[in-house]
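Reading the structure
Spelled out, the chains give:
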Amino acid sequence: VERNLDELYRHFAKPLYFYLLKLSGSPHLAEDLTQETFVRATIALSVQHHENIRAWLLKTARNAYLDEWRKRERRKWIPFAESLLNRREMISPYGLPEDEAIKAENQKDVEQLLSYLPEIYRSTIYLREIEGLSYSEIQKALDLTEGQVKVTLHRAKKKLAHLVENKGWRDEND
Amino acid sequence: MTEWTKDKEKRILFKYRVTLTFRILRVLLFCFLLYAGYSMITNFIFQQTNMSDKHVFYSELALDWTQPNLQTDLGGPFNKEITPFWTQKISYSVYRVVGTKSYYAGEVSINKPVLTSFANMQVKLNPQNNQKERYVFSLPENPKTGKKYNVLLNDPSVWDVLNKVEKGTVADMSFSTTRYLSPEELIKLLKPYDLHVLWMPLYTGELKNFDPGYAGSSDTLSVPNFGLAGGRGKDGSGQWKDTDLREENLKQSEESMLKSMKNLLNNESKTYYESFLGLHYLPERYDYLQKQGFHTYGAVVTGPVKELLKLKNVKEIRDPKLGDLEFWNWEKNVVQG
């Protein structure tokens, strides 16, 4: 079992890392959250079998990211805790402020604009367009219905297009 | 920083294993601390509330009534602990009186879970004590047929041993009687001899009103032991106990026995006094003693061997059995307890 798990984690470490990197924006935090995903998966896998391991691991990774964000939010109330414990910056589930996206002159990559979207839009676009997940896999990974996946994806693309437009990247022919 | 390398993969998998190990250890430590804390609190409450005292008292009473010449150290130390599931584990030592001294005889272990159905009391005696063979009393007549058992069954080896041992020795012995006697009559019968009466088997309606099982031959008929020991009770200042049966404390011992039986019947369940304490047919025995009074058919006595030897000539005594012999420890009219 341990060997199987090792092989499984070796296989999924890379896509999980990049997904978490997209969510958190920090390579260090993405590493930490990837290993946290594996810890959670090991504990949960021993009691249940999952048909779609990829979608389930992505869901676990997303939860690890959201929990990390909540933990940091709670620590804000403790004096000096933030400076001692949360040295690594992370992108919030709400996304970076839109104004910053417009001001950031050096960002020419559309993929990088994802950071300015709320987490659910970011996840939906990333999983669909970059990881190539089917609608049903996204459904499982994000705990949404098929209709919600389609609507979210549509809105996410619209929001991204709005950002692209505001930055003046759109060609006149588009 | 953001590209994928083999080192990064290794690092992630290594950190995952370390974190998992630490997390498991943390959970185990937390469970252990929780268990230790809970155990400490339950034990503290248990030690402070004296909730085990009742079980100790009733178990001692059960021993008084069913185990001839088995004494407990009154108010003496007893080990008690409680498990996380509120099972009370109690143990204490028991002693045999030979002469005027008590000699260690074994241990009593009580296991009392919350549900009395699973409670038990075990008496572990030293192997050399041979309690079952040593204290067997024979009824003077068959309660069903009325057949008299008046063959004396004088085991010559008992009197022979008592005759041959040095007089600076004390011993305990048991015997049956050729007829039913009241405890007062038996005490009077033994009054001329310098002895202490430790225990008397009582007839409480066996084989007439209830059937507790029996054993015997053509000249003997024995039923499970149930008898009168020196009284035991509780009062405002604590507990009291008479080690032996004397003319002056006989009434008190009888009254305390009836009172304790009544308390058990009124306040405890049948499971408690039967399954746990091993006191079978307690309501029947109590009714019999209340209505018919106390009738004994033997005794356990202790004293100097030469005084015991004199019992050979008492015509009411039959089927003697010798117990332990010990070096001299005797003073006339020493009152214990």
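Residues numbered from 1 in each chain as written. Chains lettered and ligands numbered in written order. Predicted model: local features only at pLDDT ≥ 70, side-chain atom pairs only at ≥ 80, totals over all residues. Heavy atoms only, no water.

**Things to note about the overall build of chain B**
What chain B contains, in helices and strands, is nine helices and 14 strands. Out of the 337 residues belonging to chain B, those deemed buried represent 49%. Of all intrachain contacts in chain B linking residues separated by at least 6 positions in sequence, the fraction that spans at least 24 positions is 75%. Of the roughly 17000 Å² that chain B leaves accessible, carbon and sulfur atoms contribute 55%. (Helix = DSSP H or I, 4+ residues; strand = E, 2+ residues; numbered from the N terminus. Buried < 20%, exposed > 50% of the residue type's maximum accessible area, 1.4 Å probe, protein only. Contact = heavy atoms within 4.5 Å. Areas by Shrake-Rupley, 256 points an atom, 1.4 Å probe, with all protein chains shown as cover.)

**Observations concerning the nonpolar core**
One finds B:Trp65, B:Met257, B:Leu264, B:Leu277, B:Val301 and B:Leu311 to be the most contacted residues of the largest nonpolar core, which totals 56 residues. Per-element accounting of this core gives the leading share, seven residues, to helix 2 (residues 53-66) of chain B. Setting aside residues no more than four positions away along its own chain, B:Leu277 makes contact with B:Tyr58, B:Ser59, B:Ala62, B:Met121, B:Leu264 and B:Tyr272. Of all hydrophobic cores here, the second largest spans 42 residues; its members include A:Leu16, A:Ala55, A:Ala61 and A:Ala64. (Core = buried A, V, L, I, M, F, W, Y, C linked by side-chain atoms within 4.5 Å.)

**Quick word on the confidence of the model for chain B**
For chain B, per-residue confidence averages 90 on the pLDDT scale, and residues scoring 70 or more make up 96% of the total. Scored by ipTM, the complex comes to 0.76, with pTM at 0.69. (pLDDT = per-residue confidence, 0-100.)

**Describing the sheet that holds strand 10 (residues 227-229) of chain B**
Residues and elements named next belong to chain B. Strand order in the open sheet formed by five strands is 10-7-13-6-14, with antiparallel pairing between adjacent strands. At either end of the open sheet lies a strand with only one pairing partner, and these are strand 10 and strand 14 (317-327). Looking at each pair of strands side by side, their axes are set apart by 20° on average, direction ignored. Judged from the three bridges that link them, strand 7 (residues 196-201) and strand 13 (residues 296-304) form a sheet pairing that is antiparallel. Within strand 13, the residue paired with Val197 across the bridge is Val301. Packed onto the sheet, helix 5 (residues 183-190) meets strand 6 (169-181), strand 7, strand 10, strand 13 and strand 14 and runs at close to 130° relative to strand 6. (Pairing = 2+ DSSP bridges. Axes fitted to C-alpha atoms, helices over the stretch in contact; angles between N-to-C directions.)

**Observations regarding the side chain of B:Asp242**
Residues and elements named next belong to chain B. By secondary structure assignment, the location of Asp242 is in the loop between strand 12 (238-241) and helix 6 (250-267). Look at Asp242: it is buried, it has no salt bridge, and the nearest opposite charge is Lys241 at 7.2 Å. The contacts of Asp242, once residues within four sequence positions are left out, are Gly230, Gly231, Asn249, Gln252 and Ser253. (Lys, Arg positive; Asp, Glu negative; His and termini not counted. Salt bridge = Lys/Arg side-chain N within 4 Å of Asp/Glu carboxyl O.)

**Notes on empty space enclosed by the protein**
All names here are of chain B. What the rule picks out here adds up to three cavities of 30 Å³ or more. Considered as a void within the structure, the largest cavity measures approximately 70 Å³ in volume. What lines the largest cavity is simply Leu61, Asp64, Trp65, Leu228, Ala229, Gly230, Gly231, Arg232, Ser253, Ser256, Met257 and Ser260. Elements that contribute at least two residues to the lining of the largest cavity include exactly helix 2, strand 10 and helix 6. For the lining of the largest cavity, the per-class residue count stands at five nonpolar, five polar and two charged. (1 Å grid on protein atoms, 1.4 Å probe; cavity = no way out; pocket = protein on both sides within 12 Å on 5 of 7 lines; lining within 4 Å. Points joined across faces, edges and corners; volume = space filled by probe spheres on them. Nonpolar A, V, L, I, M, F, W, Y, C, P; charged D, E, K, R; others polar.)

**Overview of the interface of chain B and chain A**
Each side of the interface is counted separately: chain B has 15 residues, and chain A has 19 residues. Buried area between chain B and chain A, both sides added, is near 1700 Å², and the carbon and sulfur share of it is 64%. The largest share of the area that chain B buries against chain A comes from B:Trp4, B:Ile12 and B:Tyr16, three residues that together contribute 35% of it. Our count for the chain B to chain A interface comes out at five salt bridges. (Buried area = accessible area lost by both parts, 1.4 Å probe.)

**A word on the pairing of strand 6 of chain B**
Both faces of the sheet carry side chains from a regular strand, because those side chains alternate between them. All names here are of chain B. Counting buried positions over the 13 residues of strand 6 gives eleven, a clear majority of the element. In this structure, strand 6 lies alongside strand 13, joined through eight bridges in antiparallel fashion. Looking at the pairing, Met173 lines up with Val301 of strand 13.

**Brief notes about helix 2 (residues 27-45) of chain A**
Between its first and last C-alpha atoms helix 2 of chain A spans 26 Å; for 19 residues at 1.5 Å apiece the expected length is 27 Å, and the two agree. Burial of helix 2 of chain A is extensive: 15 of the 19 residues sit out of reach of the surface. (Expected span 1.5 Å × (residues − 1).)

**Some thoughts on helix 8 (residues 282-292) of chain B**
Think of an α-helix as 3.6 residues a turn; residues three or four steps apart then line up on the same face. Residue and element names in this part refer to chain B. Along helix 8, the residues that are buried comprise Leu282, Arg285, Tyr286, Tyr288 and Leu289. Buried positions in helix 8, seen along its axis, are confined to an arc of 165° and lie on one side of it. Gly293 lies just past helix 8 and shows a positive phi near 85°. (Arc of directions from axis to C-beta.)

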